[in-house]
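Spelled out from the first residue to the last, the chains are:
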Amino acid sequence: MKMPIDLNAYIKKNPKQLTMAMIAAALAALLLFVYFLLMPQLTKLGTLVGKASKAKLEFRSAKVSISNIDKFKSDISKFSAKIDLYEKKLPAEQEMPSLLEELNSMAKKSNLDIISITPSAPRAEGALKAAYQEFQIKIIARCGYHELGSFLTDLENTDRFMKLVDINIKANENTPKMHSVELMVATYILLKDKEK
């Protein structure tokens, strides 16, 4: 049979062991507190600090964007005006007859003797994705160099976007100052009207 331990007598005999046991118990309690209560709270605090700094950066960025809103509106107006200008320079498909008439009148003004103006089928490459499509027009004429130069100047300065893709000039023995000229002119058709 075990004898009951007298706790008061044991404490009086071994005060150092009691102090050590109390310190060990306090340290164990402190470690349990830190591990189970304080660490999760510190982790949450770190996450919240990260979110707060990210929100602060986003807020600063939003403030800068808001302060530039008038500049953005101005840029939108400028780009809209440019889009309108480029759309005017690019004919829609239904405007092709008027474009051919314009080429004919430029040729007459430059004293080009037009033999034929033949539009070719638009190029199909990338037509589904692009906003425009290349359209080529073959012009066969008889003229001198001066008249050809005048026509090319008018072509370059027209309101619509057109470019010379190819030119072929052949001399004619019967009329030394009149040459056979073959021109390939490219323009671009807006496709948005086609979708409507």
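All values derive from a computational prediction rather than experimental measurement.

Overview of the overall build of the protein chain
Then, in step 1: Broken down by element type, the protein chain carries six helices and four strands.
Then, in step 2: Counted from the first residue to the last, the protein chain has its helices and strands arranged as α-α-α-α-β-β-α-β-β-α.
Then, in step 3: Put simply, the protein chain has 196 residues, and 18% of those count as buried.
Then, in step 4: Put simply, of all contacts in the protein chain between residues at least 6 apart along the chain, 67% involve residues at least 24 apart.
Then, in step 5: Carbon and sulfur atoms provide 63% of the accessible area of the protein chain, an area that totals close to 15,100 Å².

Overview of the confidence of the model for the protein chain
Any segment with low pLDDT has predicted coordinates that should not be analysed in fine detail.
Then, in step 1: The share of residues in the protein chain with pLDDT of 70 or more is 82%, and the mean pLDDT across the chain is 81.
Then, in step 2: Ranking the elements of the protein chain by mean pLDDT puts helix α6 (residues 192-195) last, at 50, and helix α5 (residues 145-157) first, at 92.

Focus: the packing of aromatic side chains
For any pair of aromatic rings, geometry is given as the distance between the ring centres together with the angle between the planes.
Then, in step 1: Taken as a whole, this structure holds one aromatic pair when the rule is applied.
Then, in step 2: With 5.0 Å between their ring centres and 90° between their planes, Tyr-35 and Phe-36 make a pair best called edge-to-face. Like Tyr-35, the residue Phe-36 is exposed in the burial classification.

Let's talk about the pattern of salt bridges
Then, in step 1: Taken as a whole, this structure holds three salt bridges when the rule is applied.
Then, in step 2: In this structure, the salt-bridge partner of Glu-182 is Lys-138, at a minimum N-O distance of 3.7 Å. Placement of the pair is Glu-182 in strand β4 (residues 179-190) and Lys-138 in strand β2 (residues 132-143), with a sequence separation of 44 residues.
Then, in step 3: Taking the relative accessible area as the measure of exposure, Lys-138 reaches 31% and is therefore partly exposed.

Quick word on the side chain of Glu-134
Then, in step 1: Note that Glu-134 resides in strand β2.
Then, in step 2: A distance of 2.9 Å separates the side chain of Glu-134 from the side chain of Gln-136, its partner in a polar contact.

Re the pairing of β4
Then, in step 1: Across the twelve residues of β4, nine count as buried, placing the element largely inside the fold.
Then, in step 2: For β2 and β4, the ladder comprises twelve bridges, and the chain directions are antiparallel. Across the sheet, residue Ala-141 finds its bridge partner in β4, namely Val-181.

What to know about the side chain of Thr-187
Then, in step 1: Here Thr-187 is to be found in strand β4.
Then, in step 2: In this structure the side chain of Thr-187 is engaged in a polar contact, spanning 2.9 Å, whose partner is the backbone oxygen of Phe-161.

Comments concerning the nonpolar core
Then, in step 1: Formed by 19 residues in total, the largest nonpolar core has its most connected members in Leu-103, Ile-137, Ile-139, Phe-151 and Met-162.
Then, in step 2: When contributions to this core are tallied by element, the ones reaching two or more residues are α4 (96-109), β2, α5 and β4.
Then, in step 3: Those residues within four positions of Ile-137 in sequence are excluded, and the remaining contacts are Met-96, Leu-99, Leu-100, Leu-103, Ile-117, Thr-118, Pro-119, Leu-183, Met-184, Val-185 and Thr-187.

A closer look at the environment of Lys-170
Then, in step 1: Counting through the fold element by element, Lys-170 comes out in strand β3 (residues 162-170).
Then, in step 2: Sequence separation of Lys-170 and Ser-180 is ten residues, and the distance between their C-alpha atoms is 5.1 Å.
Then, in step 3: Excluding its chain neighbours within four sequence positions, the residues that come into contact with Lys-170 are His-179 and Ser-180.

Conventions we followed
Residues numbered from 1 in each chain as written. Predicted model: local features only at pLDDT ≥ 70, side-chain atom pairs only at ≥ 80, totals over all residues. Heavy atoms only, no water. Helix = DSSP H or I, 4+ residues; strand = E, 2+ residues; numbered from the N terminus. Buried < 20%, exposed > 50% of the residue type's maximum accessible area, 1.4 Å probe, protein only. Contact = heavy atoms within 4.5 Å. Areas by Shrake-Rupley, 256 points an atom, 1.4 Å probe, with all protein chains shown as cover. pLDDT = per-residue confidence, 0-100. Phe/Tyr/Trp six-rings, centres within 6.5 Å; stacked < 30°, edge-to-face > 60°. Salt bridge = Lys/Arg side-chain N within 4 Å of Asp/Glu carboxyl O. Polar contact = N/O pair within 3.5 Å; in protein donor to acceptor, adjacent residues only side chain to side chain. Pairing = 2+ DSSP bridges. Core = buried A, V, L, I, M, F, W, Y, C linked by side-chain atoms within 4.5 Å.

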